[in-house]
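If you want the building blocks of each chain, they are given just below.
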Amino acid sequence: MLKIINVTKSFGQTKILDGINFEVADNEIVAIVGPNGCGKSTLLKIIAGLETMDNGEIKTSKVGDEEIKTSIIFQDHRASLFPWKTIGGNIEFAITKMDYKLKKIKVDQILSQLNLTKHQHKFPYQLSGGMSQLVAFGRAIAQDPDIFLLDEPFSAMDYHASLKLQQQFIELMALIKKPACIVTHSFDEAILLADKIVILSASPTKVIQILKNNIERPRKIEMLSSLEAQEIKQLLFTNISSFLL
Amino acid sequence: MSNFVKQLLIILTLSWCWFLLSSANIFPALLFPSPPEIIKSFYIIFAEDGISYDIYLTIIRMVSGLVAGIALGVVVGVLIGFSSLVKQITFWVDFLRSIPGAALFPAFMLLFGLGELAKIFSVIFATVLIVIINTTYGIKNMNKTRLMVAQTLKLSKLQTFFQIILPESLPYISVGIRHAISYSLIMVIVTEMFMGTQYGLGKRIVDFHLTYETGKMYAVIILTGMVGYFVNRLYIFFEAKKIHWMGR
């Protein structure tokens, strides 16, 4: 479990995050939605330890002062993969502290899980956008994190590729059973993927509302047209209408 | 029409133009020899003048200065790239770069004598600065996303440098190296012309000029171009293999 407690962050004089509180339970997927510039990405970076916070705490169920292990999937897969390494090499690089043979087995396992085995010797620039983001997923899995952090992972590709990748993500998470935080602009994406949707205000950012999504996982894309999904979407729109003005 | 045939046609056309120009007697034949004369000279410089040794020596000087210049340039460029004084230092590198290498010949000759050392130092001077600038630029402009990935992978500083930052800046460094290659040949040829030596393509051009063996002079000039072209192609071939992600 991961608890985000009263996280506050300013850049210079500008207060960005103003006391953010929410929880991510084990095996729970949390979507974070909010307007541009509200500090969603900054929040992910704070959780990953890539950015400091001025105030607040990130608590885990880990004992002692063992750090949480996170892996981030960035929006821009072109900028996040290592173009000098092959697909297999990118995934292998993320596995640390393991002897060579075990490493090889794990890489092969991840590659076949993602249906990337036949592309393993290619380089990232030789793959389509959706497929290279899949490689970024593979690398994140190889890191064996306590929590996956995803920063608009489906928005740097065309609509169909993004739907396909979301379906693959749903299937993967059903197998891996680990918590994840997804920053997104798309309500459909949030409803399709998440168990819980955290709605943030414009900066200085606070949590406006946390919506539960109890539709059973793993979900199919058709679920988005169901009544339950529509109800959640309605609530999302109601909640953001205040800062659309 | 194959590429080879097209190239052959171009060569023949150019030679024909040259031939017409030389037979029009605008310049005396002694000063502006005809293509057959130059081709004949090509044969003679290899068969009788032992030009192979000059080619060898010119390439050795060029490559040793180049290798030293690139190695030094990358190391210094990296140090500057990570330094907090990067702006101030870049100004001085730019200033030094504005001094033509040839302007420093007298100084180099005073400091290093007339031997190989002075020539190689001239090449180092001409190549190191452009490599420094490109390396620094590569380090400064590296992709921040991959650095963050490295951070979540909990890589050590040394690992981050060798596994992420260095490969990340290789395409920039390589642009510097390409420039350095052309500068190095210019520098070697000019030093061979003006700093005392027995052998080298630059020396041969001057010698054949002084003895009015203009056919041979042009042959050596063309040969020098070939050396430059060959070294360039070799590097680009190597670059496409080793830095395959460049520009993708």
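Given the structure is predicted, the values throughout are model-derived calculations rather than measurements. Every chain is numbered on its own, with residues counted from 1 as its sequence reads. All chains are assigned letters beginning with A, and all ligands numbers beginning with 1, in the order in which they are written. In keeping with the model being predicted, local features are shown solely for residues with a pLDDT of at least 70 and side-chain atom pairs are shown and tallied solely at 80 or more, while totals for entire chains, interfaces and linings include all residues.

Caption draft 1: Spatial organisation of the interface of chain B and chain A. Tallying the contact residues gives 12 residues for chain B and 17 residues for chain A. Each helix corresponds to a stretch of at least 4 residues labelled H or I by DSSP, and each strand to a stretch of at least 2 residues labelled E; elements are numbered beginning at the N terminus. For the side of chain B that touches chain A, the element with the most residues is helix α7 (residues 144-152) of chain B, which contributes six residues. Residue pairs qualify as contacts under a 7 Å threshold applied to their C-beta atoms, which are placed from the backbone.

Caption draft 2: Molecular detail of the confidence of the model for chain B. Residues and elements named next belong to chain B. Scored from 0 to 100, pLDDT reflects the predictor's confidence in each residue. For chain B, mean pLDDT is 93; residues scoring 70 or higher make up 100% of the total. Taking the mean pLDDT of every element in chain B, the minimum, 89, falls on helix α5 (residues 105-112) and the maximum, 96, on helix α3 (residues 51-82). Predicted complex metrics record ipTM = 0.89 and pTM = 0.88.

Caption draft 3: Examining helix α1 (residues 3-23) of chain B more closely. Residues and elements named next belong to chain B. Helix span, as expected, comes to 1.5 Å for every residue beyond the first. Look at α1: 30 Å from first C-alpha to last across 21 residues, which is about the 30 Å you get at 1.5 Å a residue. Think of it as a crowd count around each C-beta: if 20 or more other C-beta atoms lie within 10 Å the residue is buried, if 12 or fewer it is exposed, and in between it is partly exposed, with C-beta placed from the backbone throughout. Summarising burial for α1: zero of the 21 residues are buried, a small minority. Once α1 ends, the next one or two residues include N25, with phi positive near 60°.

Caption draft 4: Spatial organisation of the pairing of strand β7 (residues 180-183) of chain A. Residues and elements named next belong to chain A. Because side chains alternate across β7, one face comprises the buried residues A180 and I182, and the other comprises C181 and V183, equally buried. Pairs of strands are assigned from DSSP output, requiring at least two bridges between the strands. Taken together, the four bridges between strand β3 (residues 29-33) and β7 define a ladder with parallel strand orientation. Opposite I29, over in β7, you have A180 as the bridge partner. Of the strand pairs in this sheet, strand β6 (residues 147-151) and β7 are connected by four bridges, and their pairing is parallel. Counted as the bridge partner of L149 is C181 from β7.

Caption draft 5: Geometry of the sheet that holds strand β5 (residues 70-73) of chain A. Residue and element names in this part refer to chain A. Overall, mixed pairing links the six strands, which are arranged β5-β6-β7-β3-β8-β9 in an open sheet. Strand pairing shows two members of the sheet lacking a second neighbour, β5 and β9 (207-212), which therefore form its edges. Averaged over all pairs of adjacent strands, the angle between strand axes in this sheet comes to 15°, irrespective of strand direction. Only the contacting stretch of a helix is used when fitting its axis, a line to C-alpha atoms as for every element, and angles between N-to-C directions run 0 to 180 degrees.

Caption draft 6: Up close: the nonpolar core. A set of buried residues qualifies as a nonpolar core if it consists of Ala, Val, Leu, Ile, Met, Phe, Trp, Tyr and Cys joined through C-beta atoms within 7 Å. Counting residues in each nonpolar core, the largest one holds 112 residues, and the members touching the most others are A:A31, A:I32, A:L149, A:C181, A:I182, B:V131 and B:V220. Among the elements that line this core, the one with the most residues is helix α6 (residues 116-140) of chain B, at 15 residues. Contacts of A:A31, omitting those with residues within four sequence positions, involve A:I182, A:T184, A:A190, A:L193, A:A194 and A:I197.

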